[in-house]
Amino acid sequence: MSDGTKIEWTDATWNIVTGCSVVSPGCTNCYAMRLAGTRLRHHFSREGLTDASKAGPVWNGKTRVNWEWIDQPLNWARPRTIFPGAHGDLFHDSVASHDIAQIYGVMIAAHHLRGHVFQVLTKRTARARALLNDANFWEVANADAGMLIMDRVDPLNRRSNDARATLDDYAPTAPPRGIWLGASVEDQQRANERIPDLMATPAAVRWLSCEPLLDFISLEEAWHGETALNSECWGDCGWCKAGHTPLWNCQRDGRQYEHGAPQRSGLDWVVVGGESGPHARPMELEVARSLRDQCADAGVPFFFKQWGQWLPSGQMAADGKIWSNGSGQALHAVKSMTGRYLDGRQHDDMPVLA
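Parameters at a glance
Residues numbered from 1 in each chain as written. Predicted model: local features only at pLDDT ≥ 70, side-chain atom pairs only at ≥ 80, totals over all residues. Heavy atoms only, no water. Helix = DSSP H or I, 4+ residues; strand = E, 2+ residues; numbered from the N terminus. Buried < 20%, exposed > 50% of the residue type's maximum accessible area, 1.4 Å probe, protein only. Pairing = 2+ DSSP bridges. Axes fitted to C-alpha atoms, helices over the stretch in contact; angles between N-to-C directions. Contact = heavy atoms within 4.5 Å. Core = buried A, V, L, I, M, F, W, Y, C linked by side-chain atoms within 4.5 Å. Parallel < 35°, antiparallel > 145°, perpendicular 65-115°, else oblique. Polar contact = N/O pair within 3.5 Å; in protein donor to acceptor, adjacent residues only side chain to side chain. pLDDT = per-residue confidence, 0-100.

## A look at unusual backbone geometry
In this chain, Glu-211 is followed by Pro-212 through a cis amide linkage whose omega measures 0°. Note on placement: Pro-212 falls in the loop between β9 (205–210) and α8 (219–222). Positive phi values are uncommon outside glycine, yet His-279 reaches one of about 65°. Tracing the backbone through its elements, the reader meets His-279 in the loop between β12 (269–273) and α9 (285–298). Owing to a relative accessible area of 68%, His-279 belongs among the exposed residues under this scheme. Even without a glycine there, the phi angle at Asp-343 is positive, about 55°. Of note, Asp-343 is situated in the segment after α10 (335–338).

Shown next as structure tokens:
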């Protein structure tokens, strides 16, 4: 948990849930897993969450909700973007649904009271889809948020704070504006598995974290043969009647549809990054370019987070110099040397904050 972070696309982290389990190739060199089993192995928030192996610490599937930190975002007065669960997965199977709803209640209240925006990220998109489409989940989250907001509004000054004291009735058809939902995808298989779930889940902003990006990802292939970056609404075509999307309101040709059409079909943001740390795998130049170009063609914000431990030959390093050894091989160096330049520029695009 930190008010301030080196993660380039957020302002602060809130490790309300710690612990996880390995589910796909992107987990292999997880920095949070390594940290939980080494420097933080005796910290109350990490103790007992990893097992030793010949390859190093490995998540053992246990998670912990760190209730000691539950109020932290409410105590930060200046509005921030906050990454909850940087060292765990909020939607892990071992985290109780009621606990997740309570955490959502805190995020809702913190957005109303402090203006924070929460950038939730998960590999468990199927569970996120199930919970966030459940009206009972939102009943718990709304009730907890309402109590938190009322507790923090001065009763004698409540009239002038009416906007803060009044809570919207959030539901699958009306997700909170201050909570974004992202899917972590590292290759085409994971994109094919997780993006459809993400697109069928209510969220104010839907985004992808492609870090570590290990192979080419075609967003068109991952999204039923349509590009996941397309902002077109299918309206009454019958596609959504097949159950691929939640009920949602949208507009097309000035008409309102309420039979299951998605508010928008497109992703709102894509983050790309290479792997860093021991045993890091290189991110190929054309793999990064491909996602950049798919986003550019669709007008979707693209954020290039880092090269990680490897810098492709011909690319600009953090010091502004072009790396080239004449052989076309990538430079293996510390992250601070490889930098964030893709084809000579930084890409720091963000979606419009809620």
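Further notes follow.
## Focus on the sheet that holds strand β1 (residues 12–14)
The seven strands are arranged β1-β6-β7-β8-β9-β12-β13 in an open sheet whose pairing can be described as parallel. Looking at which strands have only one partner, the edges of the open sheet turn out to be β1 and β13 (302–306). Here the average twist between neighbouring strands, direction ignored, is 25°. Note that strand β8 (residues 179–184) and β9 share five bridges and pair parallel. Each bridged residue has a counterpart across the sheet, and for Gly-182 the counterpart in β9 is Trp-207. Seen against the sheet, helix α3 (residues 97–114) touches β1, β6 (81–84), β7 (117–122) and β8 and runs at an angle of roughly 150° to β7.

## Some words on the nonpolar core
Soluble globular proteins tend to pack their nonpolar side chains together in the buried interior. In terms of nonpolar packing, the biggest core is built from 70 residues, with Trp-14, Phe-91, Tyr-104 and Val-272 touching the most fellow members. The biggest single contributor to this core is α3, with ten residues. Counting twelve residues, the second-largest nonpolar core is a separate cluster that includes Ala-86, Trp-180, Val-205 and Val-271.

## Remarks on the packing of α3 against helix α4 (residues 125–132)
Angle between the axes and distance between the axes are the two parameters that describe a pair of packed helices. The contact between α3 and α4 brings their axes to 12 Å, and the two run at 75°. Classified by the interaxial angle, the pair formed by α3 and α4 is roughly perpendicular. The residues of α4 that touch α3, namely those facing Ser-97, Ile-100 and Tyr-104, are Arg-127, Leu-131 and Leu-132.

## Digging into the environment of Ile-16
Within the secondary structure, Ile-16 sits in the loop between β1 and β2 (17–18). Put simply, Ile-16 and His-87 are 71 residues apart on the chain and 8.8 Å apart in space, counted from C-alpha to C-alpha. Apart from residues no more than four positions distant in its own chain, Ile-16 is found in contact with Arg-64, Val-65, Asn-66, Trp-69, Ile-70 and Ile-103.

## Considering the environment of Glu-221
For Glu-221, the location among the structural elements is in helix α8. Through-space distance from the C-alpha of Glu-221 to that of Gln-188 is 8.3 Å; in sequence the pair is 33 residues apart. Apart from the residues within four sequence positions on either side, Glu-221 is in contact with Gln-188 and Asn-192. Only 3.2 Å separates the side chain of Glu-221 from the side chain of Asn-192, close enough to count as a polar contact.

## Things to note about the confidence of the model for the protein
Per-residue pLDDT for the protein has a mean of 87; in total, 84% of the residues score no lower than 70. Between residues 230–265, whose pLDDT stays under 50, and residues either more than four places distant or in other chains, the model counts 82 contacts.

## Details of the side chain of His-87
Structurally, His-87 is set in the loop between β6 and α3. Not counting chain neighbours up to four residues away, the residues in contact with His-87 comprise Asn-15, Val-17, Thr-18, Gly-19, Tyr-31, Ala-32, Leu-35, Arg-46 and Trp-59.

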